[in-house]
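Structural features, examined
For reference, the chains in residue letters:
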Amino acid sequence: VQLQASGGGLVQAGGSLRLSCAASGRTFSNYVMGWFRRAPGKEREFVAGVSRSGGSTLYADSVKDRFTISRDNAKDTVSLQMNSLKPEDTAVYYCAADRSSRRFITTRTYEYDHWGQGTQVTVSS
């Protein structure tokens, strides 16, 4: 599956952004989807994940109650609504797809098989 992320930009602290990721090439609903980010000088980290049906979600503690992940299997898209943004949310954000048959949302970077190109989010103080 090919992934194309969009929606990044520059926003002031406290603002909101919505990231989108469009998938193509395979049956989108077969994949657990995740969002990751990499801040300057840091490792790529898990941000949020959503199950194949969209019925289950998982968030990193740092974004819980501020970010919301959702998917639309009819449109082959996954989104990340980011509210109350903080300067420490500044990073390149990546969408990723897990093609395995595991029945849970993994947070491990290496367990995701397909990656989008990344979109920059910059939060100014």
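Remarks on the packing of aromatic side chains
Following the criterion strictly, the structure yields 5 aromatic pairs and no others. Aromatic pair F36 and F46: ring centres 5.6 Å apart, planes at 80°, arrangement edge-to-face. Of this pair, F36 sits in strand β4 (residues 32-38) while F46 is found in strand β5 (residues 45-50), placing the two residues 10 residues apart along the sequence. As far as the burial class goes, F36 and F46 line up, both buried. By way of ring pairs, the aromatic residues F36, F46, Y94, Y112 and W115 are connected into one cluster. Over the face of the ring belonging to Y94 we find R44, whose NZ or CZ atom lies 4.0 Å from the ring centre. Seen from the ring of F28, R71 lies directly overhead, with NZ or CZ sitting 4.4 Å from the centre.

Points about the sheet that holds strand β1 (residues 2-6)
An order of β1-β3-β8-β7 is seen for the 4 strands of this open sheet, with the pairing classed as antiparallel. On the outer flanks of this sheet lie β1 and β7 (67-72), each paired with one strand and no other. Adjacent strand axes in the sheet meet at a mean angle of 15° when their direction is disregarded. Across 6 bridges, β7 lies against strand β8 (residues 77-82) in antiparallel orientation. Bridging across to β8, I69 finds its partner in L80.

What to know about the nonpolar core
Counting residues in each nonpolar core, the largest one holds 31 residues, and the members touching the most others are W35, L80, M82 and Y93. Counting residues per element, the ones that place at least two in this core are β1, β3 (17-24), β4, β5, β7, β8, β9 (91-98) and β11 (119-124). Other than its neighbours up to four places away in sequence, M82 contacts G15, S16, L17, L19, R66, F67, Y93 and V121. If you look at the next biggest cluster of nonpolar residues, it comprises 6 residues, including V32, F36, A96 and I105.

With respect to the state of the cysteines
Applying the stated criterion to the full structure yields 1 disulfide. Note on cysteine connectivity: C21 is disulfide-linked to C95, with sulfurs 2.1 Å apart. Negative torsions about the S-S bond denote left-handed disulfides, and the value of about 60° found for C21 with C95 makes this one right-handed. Highlighted residues: C21 in strand β3 and C95 in strand β9, separated in sequence by 74 residues. Here the two residues C21 and C95 agree in accessibility, since each one is buried.

Here we look at the pattern of salt bridges
What the rule picks out here adds up to 8 salt bridges. A salt bridge links R37 to D89; the shortest N-O distance between them is 2.9 Å. Taken together, the residues R37 in strand β4 and D89 in the loop between β8 and β9 connect sequence positions 52 residues apart. Per residue, the accessibility class of R37 equals that of D89, and both read buried. Notably, a salt bridge pairs R108 with E111, separated by 3.8 Å at the nearest N-O pair. Accessibility expressed as a relative area gives 16% for E111, which makes it buried. A cluster of three or more residues bridged by salt bridges with shared partners is formed by R37, E45, R66 and D89.

Cut-offs applied
Residues numbered from 1 in each chain as written. Predicted model: local features only at pLDDT ≥ 70, side-chain atom pairs only at ≥ 80, totals over all residues. Heavy atoms only, no water. Phe/Tyr/Trp six-rings, centres within 6.5 Å; stacked < 30°, edge-to-face > 60°. Helix = DSSP H or I, 4+ residues; strand = E, 2+ residues; numbered from the N terminus. Buried < 20%, exposed > 50% of the residue type's maximum accessible area, 1.4 Å probe, protein only. Lys NZ or Arg CZ within 6 Å of the ring centre and 35° of its normal. Pairing = 2+ DSSP bridges. Axes fitted to C-alpha atoms, helices over the stretch in contact; angles between N-to-C directions. Core = buried A, V, L, I, M, F, W, Y, C linked by side-chain atoms within 4.5 Å. Contact = heavy atoms within 4.5 Å. Disulfide = S-S within 2.5 Å. Salt bridge = Lys/Arg side-chain N within 4 Å of Asp/Glu carboxyl O.

Geometric values such as these leave the question of function open.
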